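# Understanding the architecture of this molecule
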Number of protein chains: 2
Amino acid sequence: MSEKVEFEEHINPNLQNLAPSATLNINEYCDRLQQEGRDIIKLGLGQSPFPVPDPIVEELQKHAEKKFYPRARGILELREAIANRYRSRLGHDCSADDVLIGPGSKELMFILQMAYRDPLLIPTPTWVTYAPQARMLGKQIHTIDTSFEDKWHITPEKLEEFCETSEQKNHLLILNYPSNPTGLSLPHEHLKEIAEIARRHAMIILSDEIYARTHHRKGEHESIVKYYPEGTIFSSGLSKWCGAGGWRLGAFVFPEELRWLNNTMTSAISEISSGTCTPVQYAAIESFQDRDYIEEYTDHTRRVLGSLGGYLSDMLKRSGADITRPDGGFYLFPDFSPLKDKLHSHGIRSSEQMCERILAETDTAILPGSEFLRPPDEFTARVAYVDFDGEQALDASKDTHPASKKLNAEFLKIYCARTVEGVKRICDWMKKD
Amino acid sequence: MSEKVEFEEHINPNLQNLAPSATLNINEYCDRLQQEGRDIIKLGLGQSPFPVPDPIVEELQKHAEKKFYPRARGILELREAIANRYRSRLGHDCSADDVLIGPGSKELMFILQMAYRDPLLIPTPTWVTYAPQARMLGKQIHTIDTSFEDKWHITPEKLEEFCETSEQKNHLLILNYPSNPTGLSLPHEHLKEIAEIARRHAMIILSDEIYARTHHRKGEHESIVKYYPEGTIFSSGLSKWCGAGGWRLGAFVFPEELRWLNNTMTSAISEISSGTCTPVQYAAIESFQDRDYIEEYTDHTRRVLGSLGGYLSDMLKRSGADITRPDGGFYLFPDFSPLKDKLHSHGIRSSEQMCERILAETDTAILPGSEFLRPPDEFTARVAYVDFDGEQALDASKDTHPASKKLNAEFLKIYCARTVEGVKRICDWMKKD
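I will try to describe carefully the structure that is included in this document. Keep in mind that what you see is a predicted model, and the values were worked out from it rather than measured.

The subject of this paragraph is the overall build of chain A. Helices and strands together make up the secondary structure of chain A, namely 15 helices and 12 strands. Over its C-alpha atoms chain A spans a radius of gyration of 22 Å, differing by no more than 12% from the 22 Å that the globule rule assigns to 433 residues. Principal-axis analysis of the C-alpha atoms places the extent of chain A at approximately 60 × 60 × 60 Å. Sorting the 433 residues of chain A into buried and exposed places 66% on the buried side. For chain A, the proportion of contacts with a sequence separation of at least 24, taken over those separated by at least 6, is 75%. Element-wise, carbon and sulfur atoms account for 45% of the exposed surface of chain A, whose accessible area totals about 15,700 Å².

What follows is the structure in structure tokens.
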């Protein structure tokens, strides 16, 4: 080039120093270590261990030849199926026009953050992606720190206090329950009070309920939509309960009051992605139907996850961590702060150093609490308890009676062996001098 | 709400007044008219009429059960397949590390425009989406107008003149050839000269070659990568030549010099979409192999499109339009300016009014030149000549010998009947008093 330029100077400042998503990155890093011959127990990426139910896979096969461009907001049949389910489950009136399909709820969240200009408000610990999306868009981020004592819940008191002292209003508040990274869900009375505060301060709530159908106690999940229907966007997808993370399909349901936001996002989708993979949309219709095999699938996945989560949580507690048994999903968020002195004595000053040492010395990958916006020197970490053969575990659970009872330690040591072993390694590492 | 707010005020200013993508929108509008009982000939949306080749559909079926999250940059096997093809076809050294997969090249272009902060530079007429993407991102847009006399090509002279007078440099120049909306491709000598200018002014070129494999004359497509390898990003996908628009898969190939941009985009993808549908990625591997059935498929699709394009182009010319026979793709870009006086006498003052009247009076949908950033009062329009049963036409072409010869009018009137009829209606409408 006659005029030599350093192209690196030409990156959008909001994207400079943007690191790859922490959860995807730990997964790729583990793959590299495994290629080097190390047998890593992967408790980093939160990927469902269970297979997609066969009848839903068959729908994808059946519709594979569908080649036409989808509508930007999604194919009508899928939006109708979601609206039907939403009406019957949440008792909330809505139609296909209120539903927006995306290639994963993650992308819909990015487009929402782009379309809605007011600041983001998130409790911490928080899912790894909400804040980086906001940073990429040059959007303001406000956080409310929660605590182990409050079971990592955002409390109505803390939210009210934030609103009273904040100079800005109309925040986009994202609530994720059951929560990634804590596995804990918001108590119903909290939902009610948070809804009232959000209404009073004219916030929009994005209710990220992607783990709803993994709630460990059947029928206990409740949505804040019930209490703040006019200001809440409901978000879900196939990645977690249905095991189809790689298929990339998510959905938002808007109240009629937010139709303008739905429409703006639809226009944005038409210019960004054109819409979501047509065959996957057709396959997804089946996943929103009432089917016995889906009930059976979710009954047994919730039993495996609930039993395992409780068992591992107890193990971690005995090793000295602050931890509460999870309500849903497949995450634990132990706080090893009670072992602070010991960790310090080993030269470990941050959750990042703690997780690096655990990986180096026990071949077990977990993510530090700092990735979830907790203070770097707080010894929290996320354990995604998913490194086991979900198909085997699911089949074995179906053979284990009665279906209402928890699975015992023997079952878990056989069918979730690697995950149990990984958490045992962490506990042993914590106990050693 | 105790404090009533107009939420509409809270849209990102860059997205206010964002209309849905013109091409997707005309398609949805036609669907609505058809639901009202009107039989619309759809020459609006540029969707390949041909089916996805069976062996590629079978690959999607075979990999339907693949459920794991893909790598953000795409699965290795697909990136290797693309690198192999790129090396053998363009003689350009590259590896899987230089390839980036996205859910459509459209989304990759959006992320590129977000990641690279310098202004966008596009010749007009231009594809409908480049500029709206830039506007959504608050990015500067510069245009260079081309003319029918220059076959709607950006000429080296015009580019040089722009560069000499522009206060900014390091533009992202997007070239799309064969072109949507003109169907014309850049002459090889232009490519060479444009490459030299781009190098001298330290531009990045995005070479959008999504129609390359539809070039009507086999082997004639040439890439600017050959002349400006260190500054060109090659872009392609399955939507056009392979008929899989609804599958949403595209790819970029970067030179090693732009690895920093590839890496920044990969991080952005990991936070926006997580990556591209895993089963579709596995299916796409097959489409980048050297296969006899793919050669046969592209030979016959190019024969149908080339024969039809020439035939329709001649029809439009006879009706009084300025037009050149297309080189590739499935678009025509007639300029009815020679009929200006007649159009004016009917009260038609813009390409938009012209297309509205054609739709209202002939039930034939085409898009006005203004959507492609041409002046509103220039009577240009894009005809997407795709409203026919591609599977039938493909089979019939395979039965028509010799394969090297153009298909005659009789063939086209049978197998591309609706499209021929649509263009005939436009011509008749133009001719009437």
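What follows continues from the structure just given.
Residues and elements named next belong to chain B. Following the criterion strictly, the structure yields 50 salt bridges over all chains and no others. A salt bridge links Asp 363 to Arg 38; its shortest N-O distance comes to 2.6 Å. Highlighted residues: Asp 363 in the loop between helix H12 (351-362) and strand S10 (364-365) and Arg 38 in the loop between helix H1 (22-35) and strand S1 (41-42), separated in sequence by 325 residues. Classification of Arg 38 as partly exposed rests on a relative accessible area of 29%. The shortest N-O distance in the salt bridge between Glu 160 and Arg 200 comes to 3.0 Å. Linking Glu 160 in helix H6 (residues 156-165) with Arg 200 in helix H7 (residues 188-200), this pair joins segments that are 40 residues apart in sequence. Residue classification places Glu 160 among the buried positions, given a relative accessible area of 15%. Relative accessible area serves as the criterion here: at 36%, Arg 200 is assigned to the partly exposed category.

Time to look at the interface of chain B and chain A. Contact with chain B, which involves 85 residues of that partner, is made by 86 residues of chain A. Both sides together, the interface formed by chain B and chain A hides about 7,200 Å², and carbon and sulfur atoms give 58% of it. Taken together, chain B and chain A are joined by 2 salt bridges. By residue number, the principal contributor to the side of chain B that touches chain A is helix H8 (residues 259-272) of chain B, which donates 7 residues. Residue composition of the side of chain B that touches chain A, grouped by class: 42 nonpolar, 23 polar and 20 charged.

The next point concerns the sheet that holds strand S11 (residues 367-368) of chain B. Residue and element names in this part refer to chain B. A sheet is described by the order of its strands in space; here 3 strands give the open sequence S9-S12-S11, paired in antiparallel fashion. The strands lining the two open edges of the sheet, one partner per strand, are strand S9 (331-332) and S11. Relative to strand S12 (residues 381-384), S11 runs antiparallel, the two sharing 2 bridges. Residue pairing for S12: Pro 368 is matched across the bridge by Ala 381.

Now for helix H3 (residues 76-90) of chain B. All names here are of chain B. Helix length check: H3, at 15 residues, gives a terminal C-alpha distance of 21 Å against a target of 21 Å (1.5 Å per residue), a fit within 8%. Tucked into the core, H3 has its buried residues touching strand S2 (99-102), strand S7 (232-237), strand S8 (250-253) and helix H9 (278-287). Downstream of H3 by a residue or two, Gly 91 has a phi angle that is positive, lying close to 60 degrees.

This part covers the pairing of strand S7 (residues 232-237) of chain A. Residue and element names in this part refer to chain A. Counting buried residues along S7, 6 of its 6 residues qualify, which places the element largely inside the surrounding structure. The alternating pattern of S7 places Thr 232, Phe 234 and Ser 236 on one face and Ile 233, Ser 235 and Gly 237 on the opposite face, and all of these are buried. One ladder, built from 4 bridges, connects strand S6 (residues 204-208) with S7; its direction is parallel. Residue Leu 206 lies in a different strand from S7, and its bridge partner there is Ile 233. Taken together, the 4 bridges between S7 and strand S8 (residues 250-253) define a ladder with antiparallel strand orientation. For Phe 234, the partnering residue across the bridge sits in S8 and is Val 253.

Here the focus is the nonpolar core. Among the nonpolar cores identified, the biggest contains 154 residues, and Trp 247, Phe 336 and Met 354 of chain A together with Trp 247, Phe 336 and Met 354 of chain B are the most heavily contacted of them. Look past the residues within four positions of Phe 336 of chain A in its chain and what remains in contact with it is Leu 316, Ser 319, Ala 321, Leu 343, Met 354, Phe 379, Ile 426 and Met 430 of chain A. With 96 residues, the next largest nonpolar core counts Ala 22, Ile 111 and Ile 269 of chain A together with Leu 258 of chain B among its residues.

Once that is clear, we can look at the packing of helix H8 (residues 259-272) of chain A against helix H4 (residues 105-115) of chain B. Viewed as axis vectors pointing N to C, H8 of chain A and H4 of chain B meet at an angle of 100 degrees, and their least axial separation amounts to 8 Å. In terms of their interaxial angle, H8 of chain A and H4 of chain B are classed as roughly perpendicular. Between H8 of chain A and H4 of chain B, the residues in contact are Ser 270, Glu 271 and Ile 272 of chain A and Lys 106, Glu 107 and Phe 110 of chain B, respectively. Across the contact of H8 of chain A with H4 of chain B, the residue classes break down as 2 nonpolar, 1 polar and 3 charged.

Expressed as a screw operation, the relation of chain B to chain A combines 0.0 Å of axial shift with a rotation of 180 degrees, fitting to an RMSD of 0.0 Å. Considering both components of the superposition, the chain copies are consistent with a two-fold axis. Residue Gln 61 of chain B of chain B places its C-alpha closer to the rotation axis than any other residue of that unit, at 2.2 Å. With an isologous cut-off of 70% or more, the 100% of interface residues of chain B that recur at the interface of chain A puts this contact in the isologous class.

Residues and elements named next belong to chain B. With respect to the element layout, Thr 143 can be found in strand S4 (residues 141-145). Taking C-alpha positions, Thr 143 is 26 Å from Gln 47, a pair spaced 96 residues apart along the chain. Aside from chain neighbours lying at most four places away, what touches Thr 143 is Leu 121, Ile 122, Thr 124 and Leu 373.

Glancing now at the sheet that holds S8 of chain A. Residues and elements named next belong to chain A. One open sheet holds the 7 strands; their spatial order is S2-S8-S7-S6-S5-S3-S4, and the pairing between them is mixed. The open sheet terminates on both sides in strands that have one partner only, identified here as strand S2 (99-102) and strand S4 (141-145). Between one strand axis and the next, the sheet turns through 25 degrees on average, direction left out of account. Relative to strand S5 (residues 172-176), strand S3 (residues 120-124) runs parallel, the two being bridged by 2 bridges. What sits directly across from Leu 120, in S5, is Leu 172. The strands touched by helix H4 (residues 105-115) are S2, S3, S5, S6, S7 and S8; relative to S8, the strand with the most contacts, the crossing angle is about 45 degrees.

The grouping of Asp 54, Glu 58, Asp 389, Glu 391, Asp 395 and Asp 399 of chain A at the surface amounts to a negative patch. Listing elements by their share of the negative patch, those giving two or more residues are helix H2 (54-62) and helix H13 (390-398) of chain A.

What counts, and at which threshold
- Residues numbered from 1 in each chain as written.
- Chains lettered and ligands numbered in written order.
- Predicted model: local features only at pLDDT ≥ 70, side-chain atom pairs only at ≥ 80, totals over all residues.
- Heavy atoms only, no water.
- Helix = DSSP H or I, 4+ residues; strand = E, 2+ residues; numbered from the N terminus.
- Rg over C-alpha atoms; globule rule 2.2 N^0.38 Å.
- Buried < 20%, exposed > 50% of the residue type's maximum accessible area, 1.4 Å probe, protein only.
- Contact = heavy atoms within 4.5 Å.
- Areas by Shrake-Rupley, 256 points an atom, 1.4 Å probe, with all protein chains shown as cover.
- Salt bridge = Lys/Arg side-chain N within 4 Å of Asp/Glu carboxyl O.
- Buried area = accessible area lost by both parts, 1.4 Å probe.
- Nonpolar A, V, L, I, M, F, W, Y, C, P; charged D, E, K, R; others polar.
- Pairing = 2+ DSSP bridges.
- Expected span 1.5 Å × (residues − 1).
- Core = buried A, V, L, I, M, F, W, Y, C linked by side-chain atoms within 4.5 Å.
- Axes fitted to C-alpha atoms, helices over the stretch in contact; angles between N-to-C directions.
- Parallel < 35°, antiparallel > 145°, perpendicular 65-115°, else oblique.
- Least-squares fit on C-alpha atoms with pLDDT ≥ 70 in both.
- Patch = residues over 30% accessible without salt bridge, like charges linked within 9 Å, V, L, I, M, F, W, Y side chains within 5 Å.
- Lys, Arg positive; Asp, Glu negative; His and termini not counted.
- Charge placed at Lys NZ, Arg CZ, Asp CG, Glu CD.

No statement about biological role is implied by the geometric values presented.
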